[in-house]
Amino acid sequence: MALPKLLTVADLFDSPVRAAASVSPDGTRIAYLAPWQHRLNVWVQDLDAAAAPRCVTADDKRSVVSFEWTDDPRWLLYLQDNDGDENWHLYRVDLESPEAGAVDLTPFPGAKVLTFDLPRGRPGTVILQLNSRAVAEFDIHELDLGTGALTLLAQNPGRGGSWLFSDNGDLYFSAMTTDGDLEFSQWDGGTGTLRTIVVFDGADYPVGVNPLQLTPDGTGVWIGSNRGTDRTRLARLDLTTGEQTEVDSHPTFDLDPRSGISPGYPSALIRDRRTGELIGARYLGARQVIHPLEPNFAAVLANLTSLSDGDLGALSSDASGTRWIVSFEHDRDPGATYYYDHATGESRLLFRPFPDLDPAVLAPMTPVTVTARDGLALPSYLTLPVGVAPTDLPLVLMVHGGPWARDSWGYDPAVQLFANRGYAVLQVNFRGSTGYGKAHVNAAVGEFAGKMHDDLIDAVNWAVAQGYADRDRVAIFGGSYGGYAALVGVCFTPNVFAAAIDYVGISNLANFLRTVPAFSRPFLVNNWYRFVGDPGDPAQEADMLARSPISRTDDIRTPLLVAQGANDVRVVQAESDNLVKALRARGVEVEYLIKDDEGHGFLNPENAIDLYRAIDRFLAEHLGGRQDPDSRPRGA
């Protein structure tokens, strides 16, 4: 037995040849992302004609990550920030005159578009939330697509929060109370006041009510509700009475928690493009399950799911619901994208984003369950290298960010890199992870660097006991919260790990919470303050520092690699700078990679390739795996 063909870091981390396809409302064209000048830009192609595709954006500085058709197929919209600063501006592209270039519709320095929506019945307009008046407050505006004129619909009442706009013009506001509960209200434009409709217990919703979408008739709102149950189900909230009625549920799975939290994931609610009515709901366990909620979509769904053995990812249809574009999440065939015509039954593969990746060379991801020392079940994913016996392998423990997020089944280039090098990879949905019920989330209260870390150590011990992992060759790697977890691993349990990688991770919990963006601070009450503490309280700050790696740098002796974006607004550069400075003062081995044109994670492909070449080299040195020749230092 032998490992398969060596994949280079560039094979896995360079830009896709195509991705994120979406069909136009009239069903005649598709738009997608593809490289131009080494950055992803938006391209448009006719579905039926043989005309060559056209690149309709021209950003040579930073990749476009998403776009949206408007109801008028002349216009495309997309968001773009500046070097990862997350101050998203809304841009318009005129497909009738793409040579005119993209127009910045929100050209306000330092401002951020929080959301934008295309209301039904108001063609040529966009409803958007923007903090151009006050950085901590998002006001809601109507934007004329043709002229770019902005009209203020309502000013934020000074409580943070966010808005919803109904198709009939009503406004609703969601904000957090000082006690950490979530208050949903209707806005009275005449008096400038709010009428409370319902208050959600904040302890049940540490990352907010998700999803939260108005019904097209304006009388209700679809919500992810766990009232009276541990699991999140789909309910309808009556906007007059505040009463909840169950719409749909799964007996064991939550509604897919990733939409609205993780960029790029589709909504848990699948809606008719023309009417806005609900036609399907996504649930997520070890794999995804979709419930069709309308007969026609049930027939469409049966045919779409027959195209691949992956999980249904992003999907779009024309306004008639006839022509569909669908991509699939898959552990070894990422993003395969198909066209399907429901009128004729015709289907065809449009593209594979990474056509040079052979699925047979990639490693399968397998759901497993680890039992924590206190009996809590930890849903996890194990990826074993192809071509070698699955015993006594070097292991990479990958820790997801959030922490109110989750790992799920599908393609991850980092996982595939490590498996290709001969490492086993274990991803653990430790307590605090979402998607496994509110009890699983709330089990993390007060457990940073406590039971949340114990879960990770228990997972390592499980992998060793099962015979998969060599105890002396275990590395820990994570980003954001996962970077914090990696640092906790080498501070609190320095004998467990042979190497650690901290990617945009937190080293000082108190400083982290003091430096989050101003508009995020009202939302800290029911998650970070409840789970970790308020740095404004001296006693709580002392406890936070005791759980912070910056307070225990003297205990770190494990080889460490740190990576940071200079423009990170979530975990600021000082979190990495201060840690590295303290370690180097002690002579501890630490490699520090910082990118001046990145934020909370590296987007530009050359930066991602640099990072994973450094990781490739670092792990080969400390775990003994093979590596890409381009990852080796010059002269090696």
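Here, the structure is the one placed above.
Just to check I follow, could you spell out helix α6 (residues 481-492) for this structure?
What sets the pattern is the α-helix's 3.6 residues per turn: residues three or four places apart point alike. Between its first and last C-alpha, α6 extends 16 Å over 12 residues, near the 16 Å set by a 1.5 Å rise per residue. Here α6 lies mainly inside the structure; 11 of its 12 residues are buried. Those residues of α6 that fall on the buried side of the exposure criterion are Y481, G482, G483, Y484, A485, A486, L487, V488, G489, V490 and C491.

Before we go on, may I ask you to explain the packing of helix α5 (residues 451-465) against α6 in this structure?
Axis angle and axis distance: for two packed helices, these are the angle between their axes and the distance between the axes, and together they describe the pair. Where α5 contacts α6, the two axes come as close as 11 Å, and the packing angle between them is 80°. Taken together, the axes of α5 and α6 lie roughly perpendicular to each other. When α5 is examined against α6, the residues M452, H453 and L456 are found in contact with a partner set consisting of Y481, A485, V488, G489 and F492. In the contact of α5 with α6, the residues fall into six nonpolar, two polar and no charged.

What's the story with unusual backbone geometry in this structure? I'm lost.
Excluding glycine, a negative phi dihedral is what most residues carry, and trans is how most peptide bonds are arranged. In the segment running from N210 into P211, the intervening peptide bond is cis, with an omega of 0°. Mapped onto the secondary structure, P211 falls in the loop between β16 (193-200) and β17 (212-214). Cis geometry is found at the peptide bond from G402 to P403, where omega equals 0°. Backbone geometry places S480, a non-glycine residue, at a positive phi of 65°. For S480, the location among the structural elements is in the loop between β33 (469-479) and α6.

For this particular structure, what's the right way to read the layout of surface pockets?
The method is simple in principle: a probe with the dimensions of a water molecule rolls over the atoms, and the space it marks as empty is what remains. Within this model, the second largest pocket holds a volume of roughly 250 Å³. Along its surface, the second largest pocket is lined by 19 residues, and R231, A286, T369, P379 and Y436 are the ones closest to its centre. In terms of residues, the lining of the second largest pocket owes the most to one element, strand β30 (residues 377-383), which gives four residues. Residue composition of the lining of the second largest pocket, grouped by class: 11 nonpolar, seven polar and one charged.

Please clarify how empty space enclosed by the protein should be interpreted in this entry.
Inspection of every chain in the model, using the stated rule, returns four cavities of 30 Å³ or more. By volume, the largest cavity is sized at about 240 Å³. Lining of the largest cavity is provided by 20 residues; of these, V207, N226, T232, P257 and T434 occupy positions nearest its centre. Counting only elements with at least two residues in the lining of the largest cavity, the list comes to β21 (254-255) and α4 (438-442). Here the lining of the largest cavity is composed, by residue class, of eight nonpolar, eight polar and four charged. Here the second largest cavity defines a volume of roughly 60 Å³. What lines the second largest cavity is simply T70, D71, D72, W75, L118, P119, R122, P123, G124, T125 and L145. Across the lining of the second largest cavity, the residue classes tally to five nonpolar, three polar and three charged.

So what exactly am I meant to see when it comes to the side chain of S174 here?
Summarising the element assignment, S174 is placed in strand β14 (residues 171-176). For S174, a relative accessible area of 16% translates into the label buried. Non-local contacts of S174, meaning those with residues more than four positions away in its chain, are made with G161, S162, E183, F184 and L212.

Hey, could you run me through the environment of V361 in this one?
Of note, V361 is situated in the loop between β28 (347-351) and β29 (365-371). Here V361 falls in the buried class, since its relative accessible area comes to 16%. Between the C-alpha atom of V361 and that of N420, which follows or precedes it by 59 residues, the distance is 8.0 Å.

Reading the values: rules and limits
- Residues numbered from 1 in each chain as written.
- Predicted model: local features only at pLDDT ≥ 70, side-chain atom pairs only at ≥ 80, totals over all residues.
- Heavy atoms only, no water.
- Helix = DSSP H or I, 4+ residues; strand = E, 2+ residues; numbered from the N terminus.
- Expected span 1.5 Å × (residues − 1).
- Buried < 20%, exposed > 50% of the residue type's maximum accessible area, 1.4 Å probe, protein only.
- Axes fitted to C-alpha atoms, helices over the stretch in contact; angles between N-to-C directions.
- Parallel < 35°, antiparallel > 145°, perpendicular 65-115°, else oblique.
- Contact = heavy atoms within 4.5 Å.
- Nonpolar A, V, L, I, M, F, W, Y, C, P; charged D, E, K, R; others polar.
- 1 Å grid on protein atoms, 1.4 Å probe; cavity = no way out; pocket = protein on both sides within 12 Å on 5 of 7 lines; lining within 4 Å.
- Points joined across faces, edges and corners; volume = space filled by probe spheres on them.

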